[in-house]
Amino acid sequence: MKILVINAGSSSLKYQLIDMENESLLAKGLCERIGIDGRLEHKPQNGKPVFASEMNFPTHQEAIEAVLEKLVSEEYGVVSSMSEIGAVGHRVLHGGAEFTKSCLVDDACEAAIRKCFPLGPLHNPANLMGIKACQAVMPGTPQVAVFDTSFGMDMAPKAYMYALPYEYYEKDSVRRYGFHGTSHRFVSARALELTGKKPGTRVINAHLGNGSSLSASIDGKCVDTSMGLTPLAGVPMGTRSGDIDPSIIQYLMTQNDLSIDEMMTVLNKKSGVLGISGVSSDFRDLDNAAAEGNVRAQLALDKFAYEVKKYIGAYIAAMGGVDVLTFTAGVGENSSSMRASICEGLECFGIKLDPEKNKGRGEIEISADDSDVRIFIIPTNEELMIARDTLALVQG
Ligand code: AMP
(Lines give C-alpha, C1' and ligand atoms only; values in the text may rest on other atoms or scores of the structure.)
Protein backbone atom coordinates (compact mmCIF):
# COMPACT_ATOMS: atom_id res chain seq x y z
CA MET A 1 0.00 0.00 0.00
CA LYS A 2 1.12 3.56 -0.74
CA ILE A 3 0.58 6.05 2.04
CA LEU A 4 0.55 9.81 1.82
CA VAL A 5 1.98 11.45 4.95
CA ILE A 6 0.90 15.03 5.61
CA ASN A 7 2.32 17.56 8.05
CA ALA A 8 0.09 20.62 7.75
CA GLY A 9 1.07 23.94 9.31
CA SER A 10 -0.95 27.13 9.28
CA SER A 11 0.49 28.29 5.94
CA SER A 12 2.50 25.28 4.82
CA LEU A 13 2.05 21.61 4.08
CA LYS A 14 4.83 19.04 3.89
CA TYR A 15 4.16 15.68 2.33
CA GLN A 16 5.76 12.34 1.57
CA LEU A 17 4.40 9.44 -0.42
CA ILE A 18 5.76 6.17 0.93
CA ASP A 19 5.46 2.70 -0.60
CA MET A 20 4.91 0.42 2.39
CA GLU A 21 5.85 -2.69 0.38
CA ASN A 22 9.48 -1.80 1.08
CA GLU A 23 9.07 1.43 3.08
CA SER A 24 10.61 3.40 0.23
CA LEU A 25 10.07 7.09 -0.38
CA LEU A 26 8.33 7.76 -3.72
CA ALA A 27 8.07 11.55 -3.55
CA LYS A 28 8.21 14.39 -1.10
CA GLY A 29 7.51 18.06 -1.20
CA LEU A 30 6.33 21.24 0.38
CA CYS A 31 3.51 23.72 -0.25
CA GLU A 32 4.36 27.10 1.20
CA ARG A 33 2.58 30.41 1.69
CA ILE A 34 -0.90 28.86 1.64
CA GLY A 35 -3.47 31.67 1.82
CA ILE A 36 -0.82 34.23 0.81
CA ASP A 37 0.43 33.58 -2.72
CA GLY A 38 1.59 29.96 -2.76
CA ARG A 39 4.56 27.90 -3.88
CA LEU A 40 4.98 24.17 -4.51
CA GLU A 41 8.20 22.20 -4.49
CA HIS A 42 7.66 18.58 -5.51
CA LYS A 43 10.54 16.09 -5.54
CA PRO A 44 9.84 12.74 -7.18
CA GLN A 45 12.36 10.07 -6.17
CA ASN A 46 12.11 8.10 -9.42
CA GLY A 47 14.45 10.23 -11.52
CA LYS A 48 11.74 12.53 -12.85
CA PRO A 49 12.48 16.26 -12.57
CA VAL A 50 11.80 18.39 -9.52
CA PHE A 51 8.84 20.73 -9.88
CA ALA A 52 9.23 24.09 -8.13
CA SER A 53 7.00 27.02 -8.93
CA GLU A 54 4.71 29.69 -7.57
CA MET A 55 1.10 28.43 -7.45
CA ASN A 56 -1.99 29.99 -6.04
CA PHE A 57 -3.25 28.19 -2.90
CA PRO A 58 -6.13 30.10 -1.29
CA THR A 59 -6.58 27.22 1.21
CA HIS A 60 -5.07 23.86 2.17
CA GLN A 61 -7.57 22.20 -0.16
CA GLU A 62 -6.05 23.75 -3.28
CA ALA A 63 -2.61 22.81 -1.96
CA ILE A 64 -3.61 19.14 -1.58
CA GLU A 65 -5.21 19.20 -5.02
CA ALA A 66 -1.95 20.50 -6.50
CA VAL A 67 0.08 17.82 -4.66
CA LEU A 68 -2.17 15.02 -5.95
CA GLU A 69 -2.05 16.42 -9.45
CA LYS A 70 1.76 16.29 -9.35
CA LEU A 71 1.84 12.80 -7.79
CA VAL A 72 -0.12 11.37 -10.74
CA SER A 73 1.18 13.64 -13.54
CA GLU A 74 3.00 12.27 -16.57
CA GLU A 75 5.97 14.59 -16.13
CA TYR A 76 6.47 14.61 -12.34
CA GLY A 77 4.35 11.71 -11.13
CA VAL A 78 5.18 8.58 -9.19
CA VAL A 79 1.82 6.77 -9.32
CA SER A 80 -0.58 6.22 -12.20
CA SER A 81 -3.75 7.19 -10.35
CA MET A 82 -4.97 8.50 -7.03
CA SER A 83 -6.58 5.15 -6.30
CA GLU A 84 -3.08 3.78 -5.65
CA ILE A 85 -2.92 5.93 -2.50
CA GLY A 86 -4.46 3.65 0.11
CA ALA A 87 -4.52 6.01 3.09
CA VAL A 88 -3.33 9.34 4.44
CA GLY A 89 -1.46 9.73 7.72
CA HIS A 90 -1.49 13.15 9.37
CA ARG A 91 0.88 14.52 11.95
CA VAL A 92 -1.21 16.10 14.71
CA LEU A 93 0.55 17.97 17.49
CA HIS A 94 -1.76 17.52 20.43
CA GLY A 95 -4.04 14.64 21.27
CA GLY A 96 -4.46 15.61 24.91
CA ALA A 97 -4.64 12.81 27.45
CA GLU A 98 -7.32 10.98 25.48
CA PHE A 99 -5.11 9.72 22.69
CA THR A 100 -2.57 7.20 23.81
CA LYS A 101 -2.29 5.89 20.25
CA SER A 102 -2.80 6.98 16.66
CA CYS A 103 -6.40 6.73 15.43
CA LEU A 104 -8.52 6.57 12.31
CA VAL A 105 -10.09 9.98 11.80
CA ASP A 106 -13.79 9.90 12.68
CA ASP A 107 -16.11 12.38 14.36
CA ALA A 108 -14.78 11.58 17.84
CA CYS A 109 -11.18 11.96 16.73
CA GLU A 110 -11.97 15.28 15.05
CA ALA A 111 -13.76 16.51 18.15
CA ALA A 112 -10.73 15.58 20.28
CA ILE A 113 -8.36 17.44 17.95
CA ARG A 114 -10.62 20.49 18.27
CA LYS A 115 -10.78 20.11 22.04
CA CYS A 116 -6.99 20.39 22.08
CA PHE A 117 -6.94 23.70 20.15
CA PRO A 118 -6.21 25.66 23.36
CA LEU A 119 -3.30 23.32 24.15
CA GLY A 120 -1.83 23.51 20.65
CA PRO A 121 -3.14 26.81 19.31
CA LEU A 122 -0.58 27.16 16.52
CA HIS A 123 -0.62 23.56 15.31
CA ASN A 124 -3.87 21.72 15.99
CA PRO A 125 -6.14 24.03 13.92
CA ALA A 126 -3.69 23.76 11.01
CA ASN A 127 -3.42 19.98 11.40
CA LEU A 128 -7.21 19.72 11.26
CA MET A 129 -7.27 21.93 8.16
CA GLY A 130 -4.97 19.41 6.49
CA ILE A 131 -7.30 16.56 7.45
CA LYS A 132 -10.41 18.40 6.22
CA ALA A 133 -8.68 19.25 2.94
CA CYS A 134 -7.74 15.61 2.33
CA GLN A 135 -11.26 14.45 3.22
CA ALA A 136 -12.65 16.89 0.64
CA VAL A 137 -10.22 15.97 -2.12
CA MET A 138 -9.92 12.23 -1.41
CA PRO A 139 -13.34 11.17 -0.10
CA GLY A 140 -13.34 7.51 0.84
CA THR A 141 -9.60 7.34 1.47
CA PRO A 142 -8.99 6.51 5.17
CA GLN A 143 -7.28 9.24 7.16
CA VAL A 144 -5.23 8.56 10.28
CA ALA A 145 -4.15 11.03 12.96
CA VAL A 146 -0.76 10.42 14.58
CA PHE A 147 -0.25 12.51 17.70
CA ASP A 148 3.05 13.96 18.82
CA THR A 149 1.86 13.61 22.39
CA SER A 150 0.87 9.96 22.39
CA PHE A 151 4.37 8.66 23.26
CA GLY A 152 4.22 10.61 26.54
CA MET A 153 0.97 8.97 27.56
CA ASP A 154 2.83 6.04 29.13
CA MET A 155 4.37 8.30 31.78
CA ALA A 156 3.41 7.63 35.39
CA PRO A 157 1.55 10.40 37.26
CA LYS A 158 4.66 11.28 39.28
CA ALA A 159 6.41 12.10 35.98
CA TYR A 160 3.60 13.98 34.28
CA MET A 161 2.10 15.91 37.19
CA TYR A 162 3.21 19.45 37.94
CA ALA A 163 3.36 20.45 41.59
CA LEU A 164 0.48 22.89 41.14
CA PRO A 165 -2.96 22.84 42.74
CA TYR A 166 -4.55 19.57 41.61
CA GLU A 167 -7.62 21.37 40.29
CA TYR A 168 -5.58 22.77 37.36
CA TYR A 169 -4.81 19.23 36.28
CA GLU A 170 -8.46 18.20 36.60
CA LYS A 171 -10.07 21.34 35.23
CA ASP A 172 -7.51 22.68 32.76
CA SER A 173 -5.63 19.49 31.75
CA VAL A 174 -2.33 20.98 32.92
CA ARG A 175 0.26 18.18 32.92
CA ARG A 176 3.41 17.15 31.10
CA TYR A 177 2.49 15.81 27.66
CA GLY A 178 5.84 15.81 25.87
CA PHE A 179 6.40 16.39 22.15
CA HIS A 180 8.57 14.98 19.35
CA GLY A 181 6.77 11.81 20.40
CA THR A 182 6.71 10.28 16.93
CA SER A 183 10.47 10.76 16.66
CA HIS A 184 11.13 9.38 20.14
CA ARG A 185 8.94 6.39 19.35
CA PHE A 186 10.75 5.72 16.05
CA VAL A 187 14.24 6.08 17.50
CA SER A 188 13.63 4.16 20.72
CA ALA A 189 12.04 1.30 18.73
CA ARG A 190 15.06 1.26 16.42
CA ALA A 191 17.43 1.31 19.41
CA LEU A 192 15.68 -1.78 20.76
CA GLU A 193 15.99 -3.51 17.38
CA LEU A 194 19.70 -2.69 17.19
CA THR A 195 20.37 -4.05 20.67
CA GLY A 196 18.36 -7.26 20.44
CA LYS A 197 15.15 -6.22 22.24
CA LYS A 198 16.27 -7.48 25.62
CA PRO A 199 13.38 -7.06 28.08
CA GLY A 200 13.85 -4.07 30.37
CA THR A 201 16.14 -2.16 27.99
CA ARG A 202 16.46 1.45 29.19
CA VAL A 203 16.93 4.01 26.42
CA ILE A 204 17.67 7.71 26.66
CA ASN A 205 17.04 9.47 23.38
CA ALA A 206 18.37 12.96 22.69
CA HIS A 207 16.38 14.54 19.86
CA LEU A 208 18.51 17.63 19.28
CA GLY A 209 17.51 19.97 16.49
CA ASN A 210 16.09 23.43 16.24
CA GLY A 211 13.59 22.14 18.78
CA SER A 212 15.15 19.71 21.25
CA SER A 213 13.84 17.19 23.72
CA LEU A 214 15.04 14.11 25.56
CA SER A 215 13.11 11.03 26.50
CA ALA A 216 13.67 8.14 28.86
CA SER A 217 11.96 4.90 27.94
CA ILE A 218 11.95 1.27 29.04
CA ASP A 219 11.01 -1.32 26.40
CA GLY A 220 9.89 1.60 24.20
CA LYS A 221 7.46 2.94 26.81
CA CYS A 222 8.01 6.52 27.88
CA VAL A 223 9.15 6.98 31.48
CA ASP A 224 9.79 10.72 31.20
CA THR A 225 10.39 13.37 28.60
CA SER A 226 11.68 16.92 28.75
CA MET A 227 9.01 18.96 27.00
CA GLY A 228 5.94 19.72 29.05
CA LEU A 229 2.47 21.16 28.65
CA THR A 230 3.96 22.84 25.58
CA PRO A 231 7.18 22.43 23.57
CA LEU A 232 8.72 25.39 25.43
CA ALA A 233 9.94 23.27 28.34
CA GLY A 234 13.11 21.21 28.76
CA VAL A 235 16.57 21.95 27.41
CA PRO A 236 17.40 25.28 25.73
CA MET A 237 16.62 25.20 22.00
CA GLY A 238 17.33 27.26 18.88
CA THR A 239 15.10 30.12 20.01
CA ARG A 240 13.16 28.64 22.97
CA SER A 241 14.29 29.11 26.53
CA GLY A 242 13.58 25.62 27.83
CA ASP A 243 13.19 25.40 31.62
CA ILE A 244 13.53 28.68 33.50
CA ASP A 245 12.54 29.89 36.95
CA PRO A 246 8.85 30.78 36.38
CA SER A 247 9.24 33.96 38.46
CA ILE A 248 11.51 35.39 35.76
CA ILE A 249 8.37 35.96 33.71
CA GLN A 250 6.72 38.35 36.14
CA TYR A 251 10.04 40.01 36.98
CA LEU A 252 10.93 40.73 33.35
CA MET A 253 7.42 41.83 32.45
CA THR A 254 7.51 44.36 35.29
CA GLN A 255 11.07 45.55 34.68
CA ASN A 256 10.60 45.96 30.92
CA ASP A 257 6.90 46.80 30.72
CA LEU A 258 6.21 43.74 28.54
CA SER A 259 2.77 42.33 27.81
CA ILE A 260 2.25 38.58 28.28
CA ASP A 261 2.27 38.16 24.49
CA GLU A 262 5.57 40.01 24.23
CA MET A 263 6.98 37.90 27.06
CA MET A 264 5.91 34.68 25.34
CA THR A 265 7.55 35.90 22.13
CA VAL A 266 10.77 36.44 24.09
CA LEU A 267 10.58 32.89 25.49
CA ASN A 268 9.62 31.21 22.21
CA LYS A 269 11.47 33.21 19.57
CA LYS A 270 14.28 35.23 21.14
CA SER A 271 15.75 32.88 23.73
CA GLY A 272 17.65 29.59 23.62
CA VAL A 273 21.05 29.55 21.94
CA LEU A 274 20.01 32.57 19.84
CA GLY A 275 19.27 34.54 22.98
CA ILE A 276 22.53 33.69 24.71
CA SER A 277 24.76 34.05 21.66
CA GLY A 278 23.09 36.98 19.91
CA VAL A 279 24.48 35.26 16.78
CA SER A 280 22.04 32.66 15.48
CA SER A 281 19.69 29.84 16.36
CA ASP A 282 21.56 27.64 13.89
CA PHE A 283 24.18 25.43 15.51
CA ARG A 284 26.45 25.57 12.44
CA ASP A 285 26.59 29.37 12.74
CA LEU A 286 27.39 28.99 16.43
CA ASP A 287 30.19 26.51 15.71
CA ASN A 288 31.69 28.93 13.18
CA ALA A 289 31.34 31.97 15.45
CA ALA A 290 32.81 30.10 18.42
CA ALA A 291 35.74 28.95 16.27
CA GLU A 292 36.40 32.61 15.47
CA GLY A 293 36.52 33.42 19.17
CA ASN A 294 32.94 34.59 19.80
CA VAL A 295 32.63 34.04 23.54
CA ARG A 296 28.83 34.19 23.69
CA ALA A 297 28.47 31.67 20.85
CA GLN A 298 30.74 29.32 22.82
CA LEU A 299 28.70 29.97 25.97
CA ALA A 300 25.48 29.10 24.11
CA LEU A 301 27.00 25.80 22.94
CA ASP A 302 28.34 25.07 26.44
CA LYS A 303 24.97 25.85 28.04
CA PHE A 304 23.15 23.58 25.59
CA ALA A 305 25.54 20.66 26.16
CA TYR A 306 25.41 21.18 29.93
CA GLU A 307 21.61 21.10 30.10
CA VAL A 308 21.36 18.04 27.84
CA LYS A 309 23.96 16.33 30.03
CA LYS A 310 21.93 17.16 33.15
CA TYR A 311 18.79 15.63 31.63
CA ILE A 312 20.73 12.48 30.78
CA GLY A 313 21.85 12.29 34.42
CA ALA A 314 18.30 12.86 35.63
CA TYR A 315 16.94 10.11 33.38
CA ILE A 316 19.62 7.68 34.52
CA ALA A 317 18.37 8.35 38.05
CA ALA A 318 14.72 8.04 36.99
CA MET A 319 15.30 4.63 35.36
CA GLY A 320 17.95 3.32 37.77
CA GLY A 321 20.48 3.17 34.94
CA VAL A 322 20.67 3.30 31.18
CA ASP A 323 21.54 0.72 28.54
CA VAL A 324 21.36 2.74 25.32
CA LEU A 325 21.92 6.42 24.55
CA THR A 326 20.83 7.69 21.14
CA PHE A 327 21.32 10.95 19.28
CA THR A 328 18.96 12.11 16.56
CA ALA A 329 17.70 15.19 14.59
CA GLY A 330 19.77 17.94 12.95
CA VAL A 331 22.28 18.56 15.74
CA GLY A 332 22.18 15.07 17.25
CA GLU A 333 22.82 13.39 13.89
CA ASN A 334 25.36 15.84 12.48
CA SER A 335 27.35 17.54 15.21
CA SER A 336 30.15 15.28 16.44
CA SER A 337 31.50 18.12 18.60
CA MET A 338 28.14 18.55 20.37
CA ARG A 339 27.83 14.80 20.98
CA ALA A 340 31.36 14.80 22.41
CA SER A 341 30.63 17.79 24.69
CA ILE A 342 27.46 16.14 25.96
CA CYS A 343 29.12 12.80 26.69
CA GLU A 344 32.22 14.35 28.28
CA GLY A 345 32.13 13.56 32.00
CA LEU A 346 29.47 10.87 31.68
CA GLU A 347 32.10 8.10 31.87
CA CYS A 348 31.12 7.72 35.54
CA PHE A 349 27.80 6.34 34.26
CA GLY A 350 29.50 3.95 31.84
CA ILE A 351 28.89 6.27 28.86
CA LYS A 352 32.03 6.37 26.75
CA LEU A 353 32.20 7.64 23.17
CA ASP A 354 34.70 6.36 20.63
CA PRO A 355 36.17 9.60 19.20
CA GLU A 356 36.80 8.05 15.76
CA LYS A 357 33.38 6.39 15.44
CA ASN A 358 31.82 9.65 16.65
CA LYS A 359 33.02 11.32 13.43
CA GLY A 360 30.69 9.07 11.41
CA ARG A 361 27.34 9.76 9.82
CA GLY A 362 24.08 7.89 9.38
CA GLU A 363 22.90 5.06 11.57
CA ILE A 364 26.00 3.94 13.46
CA GLU A 365 27.17 2.86 16.87
CA ILE A 366 29.59 5.40 18.33
CA SER A 367 30.34 3.95 21.76
CA ALA A 368 33.82 2.82 22.72
CA ASP A 369 34.36 -0.94 22.95
CA ASP A 370 34.61 -0.68 26.74
CA SER A 371 31.54 1.53 27.14
CA ASP A 372 28.88 -0.06 29.39
CA VAL A 373 26.21 1.95 27.62
CA ARG A 374 25.76 1.51 23.87
CA ILE A 375 25.62 4.85 22.08
CA PHE A 376 24.10 5.29 18.63
CA ILE A 377 23.33 7.92 16.05
CA ILE A 378 19.89 6.98 14.72
CA PRO A 379 18.51 9.28 12.02
CA THR A 380 14.91 9.99 12.88
CA ASN A 381 12.10 9.34 10.41
CA GLU A 382 8.82 10.68 11.73
CA GLU A 383 7.11 10.33 8.35
CA LEU A 384 7.88 6.62 8.19
CA MET A 385 6.55 6.17 11.74
CA ILE A 386 3.33 7.96 10.72
CA ALA A 387 3.07 5.77 7.63
CA ARG A 388 3.61 2.60 9.71
CA ASP A 389 0.89 3.61 12.17
CA THR A 390 -1.42 4.47 9.29
CA LEU A 391 -0.85 1.12 7.60
CA ALA A 392 -1.43 -0.77 10.86
CA LEU A 393 -4.73 1.02 11.49
CA VAL A 394 -5.98 0.71 7.94
CA GLN A 395 -5.17 -2.99 7.82
CA GLY A 396 -6.93 -3.38 11.17
P1 AMP B 1 16.27 19.98 12.81
O2 AMP B 1 15.37 20.90 13.59
O3 AMP B 1 16.27 18.58 13.28
O4 AMP B 1 16.11 20.11 11.31
O5 AMP B 1 17.78 20.51 13.09
C6 AMP B 1 18.19 21.77 12.69
C7 AMP B 1 19.48 22.12 13.41
O8 AMP B 1 20.49 21.15 13.09
C9 AMP B 1 20.03 23.49 13.02
O10 AMP B 1 20.37 24.25 14.17
C11 AMP B 1 21.32 23.13 12.29
O12 AMP B 1 22.30 24.07 12.49
C13 AMP B 1 21.72 21.84 12.95
N14 AMP B 1 22.70 21.13 12.13
C15 AMP B 1 22.51 20.55 10.93
N16 AMP B 1 23.70 20.06 10.47
C17 AMP B 1 24.63 20.36 11.40
C18 AMP B 1 26.05 20.15 11.52
N19 AMP B 1 26.72 19.50 10.57
N20 AMP B 1 26.67 20.60 12.63
C21 AMP B 1 25.99 21.25 13.59
N22 AMP B 1 24.66 21.48 13.55
C23 AMP B 1 24.00 21.05 12.47
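Look above for the structure.
Structure report, in brief. This one's a predicted model, so the numbers in the text were calculated from it and none came from an experiment.

Cut-offs used in this document
- Residues numbered from 1 in each chain as written.
- Predicted model: local features only at pLDDT ≥ 70, side-chain atom pairs only at ≥ 80, totals over all residues.
- Heavy atoms only, no water.
- Axes fitted to C-alpha atoms, helices over the stretch in contact; angles between N-to-C directions.
- Helix = DSSP H or I, 4+ residues; strand = E, 2+ residues; numbered from the N terminus.
- Parallel < 35°, antiparallel > 145°, perpendicular 65-115°, else oblique.
- Left-handed = near helix turned anticlockwise from the far one by under 90°.
- Contact = heavy atoms within 4.5 Å.
- Nonpolar A, V, L, I, M, F, W, Y, C, P; charged D, E, K, R; others polar.
- Polar contact = N/O pair within 3.5 Å; in protein donor to acceptor, adjacent residues only side chain to side chain.
- Salt bridge = Lys/Arg side-chain N within 4 Å of Asp/Glu carboxyl O.
- Buried < 20%, exposed > 50% of the residue type's maximum accessible area, 1.4 Å probe, protein only.

### A word on the packing of helix 7 (residues 247–256) against helix 8 (residues 260–269)
Two elements in contact, helix 7 and helix 8, have axes separated by 10 Å at closest approach and are oriented at 120 degrees. When the axes of helix 7 and helix 8 are compared, the pair comes out oblique. By crossing handedness, the relation of helix 7 to helix 8 is classed as right-handed. Side by side, helix 7 and helix 8 meet where Ile249, Leu252 and Met253 of the first sit next to Ile260, Met263 and Leu267 of the second. Here the residues of the contact of helix 7 with helix 8 are counted per class, giving six nonpolar, no polar and no charged.

### A closer look at the environment of Ser183
Along the chain, Ser183 turns up in helix 6 (residues 181–194). Considered as a pair, Ser183 and Thr328 are 145 residues apart in the sequence and their alpha carbons are 8.6 Å apart. Among all residues touching Ser183, those that are not within four sequence positions of it are Asn205, His207, Thr328, Thr380 and Glu382. In this structure the side chain of Ser183 is engaged in a polar contact, spanning 2.8 Å, whose partner is the side chain of His207.

### A word on the pattern of salt bridges
Inspection of every chain in the model, using the stated rule, returns 25 salt bridges. As a salt-bridge pair, Glu54 and Arg39 come within 3.8 Å of each other at their nearest N and O atoms. In this pair, Glu54 sits in strand 5 (residues 51–54) while Arg39 sits in strand 4 (residues 39–44), placing the two residues 15 residues apart along the sequence. Take Arg39: its relative accessible area is 24%, and that puts it in the partly exposed class. Of the charged contacts, one joins Asp323 and Arg202 as a salt bridge, the two residues approaching to 3.0 Å between their closest N and O atoms. Separated by 121 residues along the polypeptide, Asp323 in the loop between helix 11 (295–319) and strand 12 (324–328) and Arg202 in strand 9 (residues 202–208) bring together distant segments of the chain. Overall, Arg202 belongs to the partly exposed group, its relative accessible area being 22%.

### What about the environment of Gly332?
Looking at where Gly332 falls in the secondary structure, it is placed in helix 12 (residues 329–334). Since its relative accessible area comes to 1%, Gly332 is described here as buried. Put simply, Gly332 and Ile377 are 45 residues apart on the chain and 7.3 Å apart in space, counted from C-alpha to C-alpha. Contact partners of Gly332, with chain neighbours within four places excluded, come to Leu208, Phe327, Arg339 and Ile377.

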